[in-house]
Structures are given as structure tokens and as C-alpha cells.
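# Structural features, examined
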Amino acid sequence: MFWHKEEEHKNSFLMKNQVTSIYKQAERFAEITKKSIISGNIVRAKKCLALAERLFINGSIETKNAISNVYVFSVSSFMEVRHCNISHLFPQTLKAEYIKQINASGV
């Protein structure tokens with residue numbers, strides 16, 4: 001009985017760790033995308049955005065949340081601060097997610 005509770009706790013910890021890791025990965029991925037934009041490597045930035053789009057469409061709920069809440073938010077905020085036009089960079093689904101965030105924030 002005790003072993004079962006310990007195993008449950010361990011699984012809960014691993015799940016929590018995995019979700020944290022997904023968010024950290026989304027953060028690092030956003031940094032790579034932003035560095036590509038800063039360096040003028042738009043081809044690489046578009047490839048990153050396309051991959052993020054595929055992850056958002058095909059990923060688990062945790063992956064979708066990480067892409068939306070960390071990646072899209074980070075990249076779009078960065079682009080706004082730098083007055084970049086995102087309309088031609090963001091793939092369709094990520095662009096829709098970005099617009100949802102803008103509308104939800106009331107900006």
C-alpha cells in the first residue's frame with residue numbers, strides 16, 4: 001500500500017516535471033526564433049514558426065498550451081516591441097492564436 005502511494009507521488013512528480021520541461025523547451029525555442037529574426041535569418045525564423053505550427057496542431061494538450069502561452073506570446077511580444085509586421089511571418093494557425101491572445105488581452 002505504501003509503495004503504491006510512493007509510486008503515485010513519483011508519477012505525479014514526473015508528469016509535473018515533464019510539463020515544466022515542455023514550457024522550458026518552448027521558451028528556448030522562442031529564443032532561437034527571436035535570434036533568427038534579430039540576425040536577419042528570416043528563412044530560419046519561418047522554419048521555426050512552421051515547426052511551432054506543426055507542434056501546435058499535432059501536439060498534446062500540454063504542447064499546445066506551451067506553444068500558445070510561451071512560444072507565441074514570447075515571439076509576438078518581441079516582434080511588437082521591435083515593430084515587426086508579423087502578418088507575413090506567422091503561419092495561419094499561429095496567427096489565429098496570436099489574434100486570440102490580442103483580443104483576450106483587450107489591447
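Residues numbered from 1 in each chain as written. Predicted model: local features only at pLDDT ≥ 70, side-chain atom pairs only at ≥ 80, totals over all residues. Heavy atoms only, no water.

## Quick word on the side chain of Glu 97
Positionally, Glu 97 belongs in helix H4 (residues 92–105). Excluding anything up to four places from it in sequence, Glu 97 contacts Phe 56 and Ser 68. (Helix = DSSP H or I, 4+ residues; strand = E, 2+ residues; numbered from the N terminus. Contact = heavy atoms within 4.5 Å.)

## Things to note about the pattern of salt bridges
Scanning the model with the defined rule gives 2 salt bridges in all. Residue Lys 34 pairs with Glu 31 through a salt bridge whose shortest N-O separation is 3.0 Å. With Lys 34 and Glu 31 both in helix H1 (residues 2–38) and 3 residues apart, this pair spans about one turn of that helix. Taking the relative accessible area as the measure of exposure, Lys 34 reaches 12% and is therefore buried. Two residues, Lys 100 and Glu 97, come together in a salt bridge whose shortest N-O distance is 3.3 Å. Here the residue Lys 100 and the residue Glu 97 both occupy positions in helix H4, the gap between them amounting to 3 residues, near one helical turn. (Salt bridge = Lys/Arg side-chain N within 4 Å of Asp/Glu carboxyl O. Buried < 20%, exposed > 50% of the residue type's maximum accessible area, 1.4 Å probe, protein only.)

## Examining the side chain of Ser 68
Topologically, Ser 68 is positioned in helix H3 (residues 61–81). Setting aside chain neighbours within four positions, we find Ser 68 in contact with Phe 56, Phe 73, Glu 97 and Gln 101.

## Focus on the environment of Leu 51
Within the fold, Leu 51 resides in helix H2 (residues 42–58). Between the C-alpha atom of Leu 51 and that of Pro 91, which follows or precedes it by 40 residues, the distance is 9.7 Å.

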